[in-house]
Amino acid sequence: VVRRHLLQRYEHQPFISCLAGFYSCRWKRYQRQRTEPGKCCCKMVNQLKTSTDMAFCFSLVFLYMWSEGKNDYNNFDWYNYGNTGFWFLWSLVILILAAIFFTYISLLLVLAMCLLAEGQQLYLHWSHKIGTFLVLGFSVACLFSVTVLWGQHWKTVRLSFQITAPYLHIGAIAIMVLLSWPLALHAFRADKKVIQVIIIGPYLAILLFLFLIPLGMYSPCIREMGTLGPKPALIGHRGAPMLAPENTEMSFQKTIEHGGDGLETDVTISYDGVPFLMHDNTLKRTTNIKEVYPNDTDQNAALFSWDTLEKLNAGTWFLKDKPFSFMGSLSKADQNQAKNQSIYKLSNFLRLADSHNKLVIFDLYRPPEKHPYRNLWISRTLEVILKESRIRPHLVLWLNNNMRSFVQSVAPGFQHTIGSKKPVEDLLKNNIVKLNLVYTEMSSEDIRKYAESNITTNLYVVNEPWLFSLAWCCGAHSVTTNAVHLLKNVSQPLFLMTPQQYNIMWILTDLTSVFLISLIFAL
């Protein structure tokens, strides 16, 4: 009893006490059991390879996937808005939770490895067991939900490997070097040769695999000097929606101020035949219709007359909801200007683009049934373009595929664009000069093939610098983006290097890791 009291009072192993205290809540020496490393290594490793490392793996995969998906956070939040009816930055909340959970489970694993290295038996406290299962449940549920509801997001992850793979390779090698310390300690203190082989064999096999991975690695940003094409042109997606309310005059002016090369928008036709800019089917997200006409919030935007539409405010929602996670703050003058934005007419939009020599591309929505312009939507839009706005035809990238032959006969000067990949022969036959593709269909081989026939490629929607860099390296001629103000500052692709530079980085990484691992095993 006296000895136990003294051990409770005087602790001579503060490092181990902290490790065991945080991991097992066993702060006193008599509460712990020591085991020589290697003697029951298999038992301890089996304890480690349970829910904790499963939670670590799943949380790592989800954190990487979600952080690389930042480009599409706005789409994810918009999807949730369509299902819940109110706007909230769910994407940012999920990112913060994923980072917290991954950090927590990583610290648990570090504590476990340190305890194993000190020959301590592992005992995970019940509170950490709950936390581990919480992390595991959260990560698995999120991965499953994203796969089912947003499966195309995995295409973004695969694209990201073309940029991050060389650096993930270095990170994996660094982790293997760190793991060599506790692994060597247990291997050389093991009492049987079989146990040593079981420990060291898989480790060396994984290490050899990592050493050879670069042989099959591909990245368009690893290329010879002088082979990089010009920087892609920037087309503002609904203007500059991170700086101003989307599809408003202020938004397009901001794009022009920041040097955008073109303007993208969405066109709907009012009940009395006035084409105006609106992306959603209803007006409730981007106007104050709830306040002005509360009984008509769910009505199709095309069923309102222009006199009604021009009375609505199209800017106050932007300051209230803040549609982007990392949009920054606006100046007082910009806030006041945003508050006074209204729904923008197509004719005014075209005049603005023409006066600044900017390309225009737009999605044209067909009015619903029983709409007076249900069957006249193409001709009415052409009338506004050719007669009312008088924009120079070569600035118009005509995207709509309905009645294309008629449009080509009426407006031969348009740059006809299509939204899907087709054989080159078919595109040339239909006088298509540009492809407008979602960025997940990015392929340097296809882009080069189309370019050889003078067919350029535009990718949408590209917001992140790493994705813009990949599009640049793949040879894209332009991108549609929400972040003209950010991408204009990208002077060269991120992670751009020559094959010689990458080979040097690869060889130095492998040699350094071999030296460090050999040194650790020798000691």
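Each value, and the rule that gives it
- Residues numbered from 1 in each chain as written.
- Predicted model: local features only at pLDDT ≥ 70, side-chain atom pairs only at ≥ 80, totals over all residues.
- Heavy atoms only, no water.
- Patch = residues over 30% accessible without salt bridge, like charges linked within 9 Å, V, L, I, M, F, W, Y side chains within 5 Å.
- Areas by Shrake-Rupley, 256 points an atom, 1.4 Å probe, with all protein chains shown as cover.
- Salt bridge = Lys/Arg side-chain N within 4 Å of Asp/Glu carboxyl O.
- Helix = DSSP H or I, 4+ residues; strand = E, 2+ residues; numbered from the N terminus.
- Buried < 20%, exposed > 50% of the residue type's maximum accessible area, 1.4 Å probe, protein only.
- Axes fitted to C-alpha atoms, helices over the stretch in contact; angles between N-to-C directions.
- Parallel < 35°, antiparallel > 145°, perpendicular 65-115°, else oblique.
- Left-handed = near helix turned anticlockwise from the far one by under 90°.
- Contact = heavy atoms within 4.5 Å.
- Nonpolar A, V, L, I, M, F, W, Y, C, P; charged D, E, K, R; others polar.
- Domains from an automatic or database assignment.
- Buried area = accessible area lost by both parts, 1.4 Å probe.

Overview of a nonpolar patch on the surface
Reasoning step 1: Among the surface-exposed residues, F86, F88, W90, V93 and L97 lie close enough to one another that they form a single nonpolar patch of about 410 Å² accessible area.
Reasoning step 2: By secondary structure assignment, the location of F88 is in the loop between α5 (73-84) and α6 (90-117).
Reasoning step 3: A relative accessible area of 37% means that F88 is categorised as partly exposed.

Topic: helix α20 (residues 465-474)
Reasoning step 1: Counting buried residues in α20 gives nine out of ten residues, a clear majority hidden from the surface.
Reasoning step 2: Listing the buried residues of α20 in full gives W466, L467, F468, S469, L470, A471, W472, C473 and C474.
Reasoning step 3: Once α20 finishes, G475 follows within two positions and takes phi at roughly 100°, a positive value.

Remarks on the packing of helix α9 (residues 193-212) against helix α22 (residues 499-522)
When two helices pack together, you describe them by how their axes are tilted relative to each other and by the distance separating the axes.
Reasoning step 1: Where α9 meets α22, the closest approach of the two axes is 11 Å, and the angle between their N-to-C directions is 165°. For the element pair α9 / α22, the angle class is roughly antiparallel. The two elements α9 and α22 cross, and the hand of that crossing is left-handed. When α9 is examined against α22, the residues I200, Y203, L207 and F211 are found in contact with a partner set consisting of W506, D510, S513, V514, I517 and F521.
Reasoning step 2: Residues that form the contact of α9 with α22 fall into these classes: eight nonpolar, one polar and one charged.

Concerning the domain arrangement of the protein
Size of an interface: often given as the accessible area lost when the parts come together.
Reasoning step 1: For the protein, the assigned domains are domain 1 (151-222 + 497-522) and domain 2 (233-488).
Reasoning step 2: Distance from the C-alpha centre of domain 1 to the C-alpha centre of domain 2: 46 Å.
Reasoning step 3: Facing ten residues of domain 1, the contacting portion of domain 2 comprises ten residues.
Reasoning step 4: When domain 1 packs against domain 2, the two sides together hide about 830 Å² of surface, and 77% of this comes from carbon and sulfur.
Reasoning step 5: Contact with domain 2 buries area across many residues of domain 1, yet T156, L159 and I163 alone supply 52% of it, more than any other trio.

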